[in-house]
Amino acid sequence: MQQKDIVIIGAGAAGLTAAIYACRSGLSCIVLEEKMYGGQIVNTGEIENYPGMPGVNGFDFANALHQQAEGLGAKIQFSPVTAISKSDPWFYVETPNTTWLAKTVIAANGAVHRKLGCEGEEAFQGKGVSYCATCDGAFFKGKDVAVVGGGNTAVEDALYLSKICREVHIIHRRDQFRAHQVSVDQLLAAPNVKVHYQTQVRKITGEMRTEQLVIESPSGTEVLPVQGVFVAVGLAPNNQLFASLCNLDETGYFIAGEDCCTSCEGLFAAGDTRIKPLRQLVTAAADGAVAASMAAAYIGKKEWM
Ligand code: NAP
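Bear in mind the structure is a predicted one, so any value in this text is a computation, not a measurement.

### Examining the site of the ligand
Inference 1: Near the ligand you find 19 residues, and of these Asn49, Thr153, Glu156, Arg174 and Arg178 are the closest.
Inference 2: One of the side-chain N or O atoms of Arg173 is found 2.8 Å from an oxygen atom in the ligand.
Inference 3: Here an oxygen atom of the ligand sits 2.5 Å away from a polar atom, N or O, in the side chain of Arg174.
Inference 4: Protein coverage of the free-state accessible area of the ligand, which is 910 Å², stands at 81%.
Inference 5: A class-by-class count of the residues in the shell around the ligand yields 3 nonpolar, 10 polar and 6 charged.

### What about the sheet that holds strand S15 (residues 212-217)?
Inference 1: On the basis of which strands lie adjacent, the open sheet formed by 3 strands has the order S14-S15-S16 and antiparallel pairing. Among the strands making up the open sheet, the edge pair consists of strand S14 (200-205) and strand S16 (220-225). In this sheet, neighbouring strand axes are inclined to one another by 20° on average, regardless of whether the strands run parallel or antiparallel.
Inference 2: Relative to S16, S15 runs antiparallel, the two being bridged by 6 bridges.

### Observations regarding the environment of Pro80
Inference 1: By the secondary structure assignment, Pro80 is in the loop between strand S5 (75-78) and strand S6 (83-87).
Inference 2: Remark: the alpha-carbon pair of Pro80 and Ala297, spanning 217 residues in sequence, is separated by 28 Å.
Inference 3: In this view, Pro80 contacts Glu34, Glu94, Thr95 and Pro96; residues no more than four positions away in its chain are not counted.

### Topic: the packing of helix H1 (residues 13-24) against helix H2 (residues 58-71)
Two numbers describe a pair of packed helices, the interaxial angle and the distance between the axes.
Inference 1: It is the contact of H1 with H2, at a shortest axis distance of 8 Å, that shows an interaxial angle of 25°. One way to sum up the angle between H1 and H2 is to call them roughly parallel. Taken as a pair, H1 and H2 cross one another with a handedness that is left-handed. The segment H1 lies against H2, with Ala13, Leu16, Thr17 and Ile20 engaging Leu65, His66, Gln68 and Ala69.

### Comments concerning the side chain of Lys103
Inference 1: Tracing the backbone shows Lys103 in strand S8 (residues 99-107).
Inference 2: Taking relative accessible area as the criterion, Lys103 reaches 13% and is therefore assigned buried.
Inference 3: Separated by 3.2 Å, the side chains of Lys103 and Asp5 make a polar contact.

### Some points on the state of the cysteines
Inference 1: Counted according to the given criterion, the structure contains 1 disulfide.
Inference 2: Two residues share a disulfide in this structure: Cys132 and Cys135, whose sulfurs sit 2.0 Å from each other. Torsion about the S-S bond of the Cys132 and Cys135 cystine: about 75°, corresponding to right-handed handedness.
Inference 3: Residue Cys135 is classed as partly exposed on the basis of its relative accessible area of 42%.
Inference 4: Here Cys165 stays free of any disulfide, with the sulfur of Cys132 as its closest cysteine sulfur at 13 Å.
Inference 5: What makes Cys165 buried here is its relative accessible area of 6%.
Inference 6: Free cysteine: Cys246, not disulfide-bonded; nearest cysteine sulfur from Cys264 at 6.3 Å.

Criteria and cut-off values
- Residues numbered from 1 in each chain as written.
- Predicted model: local features only at pLDDT ≥ 70, side-chain atom pairs only at ≥ 80, totals over all residues.
- Heavy atoms only, no water.
- Near = heavy atom within 4 Å.
- Polar contact = N/O pair within 3.5 Å; in protein donor to acceptor, adjacent residues only side chain to side chain.
- Areas by Shrake-Rupley, 256 points an atom, 1.4 Å probe, with all protein chains shown as cover.
- Nonpolar A, V, L, I, M, F, W, Y, C, P; charged D, E, K, R; others polar.
- Pairing = 2+ DSSP bridges.
- Helix = DSSP H or I, 4+ residues; strand = E, 2+ residues; numbered from the N terminus.
- Axes fitted to C-alpha atoms, helices over the stretch in contact; angles between N-to-C directions.
- Contact = heavy atoms within 4.5 Å.
- Parallel < 35°, antiparallel > 145°, perpendicular 65-115°, else oblique.
- Left-handed = near helix turned anticlockwise from the far one by under 90°.
- Buried < 20%, exposed > 50% of the residue type's maximum accessible area, 1.4 Å probe, protein only.
- Disulfide = S-S within 2.5 Å.

Have a look at this one:
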């Protein structure tokens, strides 16, 4: 068993920022990450709305953040968290190889891609169905693809793909996008993007790989010949591990306010994983800073033996 002041779960913008603040406060911390550092931001091409860094590439941003945290002494262990429990005041955070004994835990575990739930989605995942345009877009160079969704991710993915693919269909179930207007304007101006409003995806079909997308709109059913379908219908929290420790809302997000405090003393929630009005890079980073500062204050006021 290894002991730390703070165990941070997730190496996205919130988790790495928390690590920066923890290290600068002289606290010991470990960041546990199941996949790759950077979180959602590595899936973003150009970031236009992070203050002071217009146009920075998502992957470069994630690298810089990682280097900054490591430069200050933060360590990342690439490993899933399998269980979390508390025997007051200590937390036990289990990974396959180590149990971490922690004074505080910062859950910065983000959210996972929501599924469309239509026929063929699961069967063709990795065979034309993707949840990350910047990761997989290059495989569809010169081909016809569809993007499903109407938020910022869908609109930005469609724009990104319009520069690589021959034709991009964007399928949205409403009659207007909920993405930022500046991106919507760019999308509507792209010559090879076809927008399908008030349209639902019914089926993804093909032999070995994706070949067609069956869609339905008020004007009837249509079959689009596409080789790729990029699903961008939002994110959902993945907080089952914490359900017995603290209060989650009905959709599974941590109930935690601007101070990132959860209903469990010593457990903080930062970034996309908690209820919040705006899930963006800047708000995730801000949460990481707040959570680490609140954790430091909590550690300082408690007796530890
Ligand atoms: P989102 O904002 O939750 O949008 C999800 C979209 O998918 C909505 O248009 C929704 O339609 C649609 N949808 C959901 N379930 C569907 C289904 N079963 N079938 C068809 N359509 C479905 O998700 P997001 O775009 O991934 O963004 C997640 C968060 O990251 C947001 O807070 C977003 O602002 C942020 N983000 C920001 C930026 C940026 O600032 N540049 C970039 C990317 C993401 P309805 O509208 O009908 O619900």
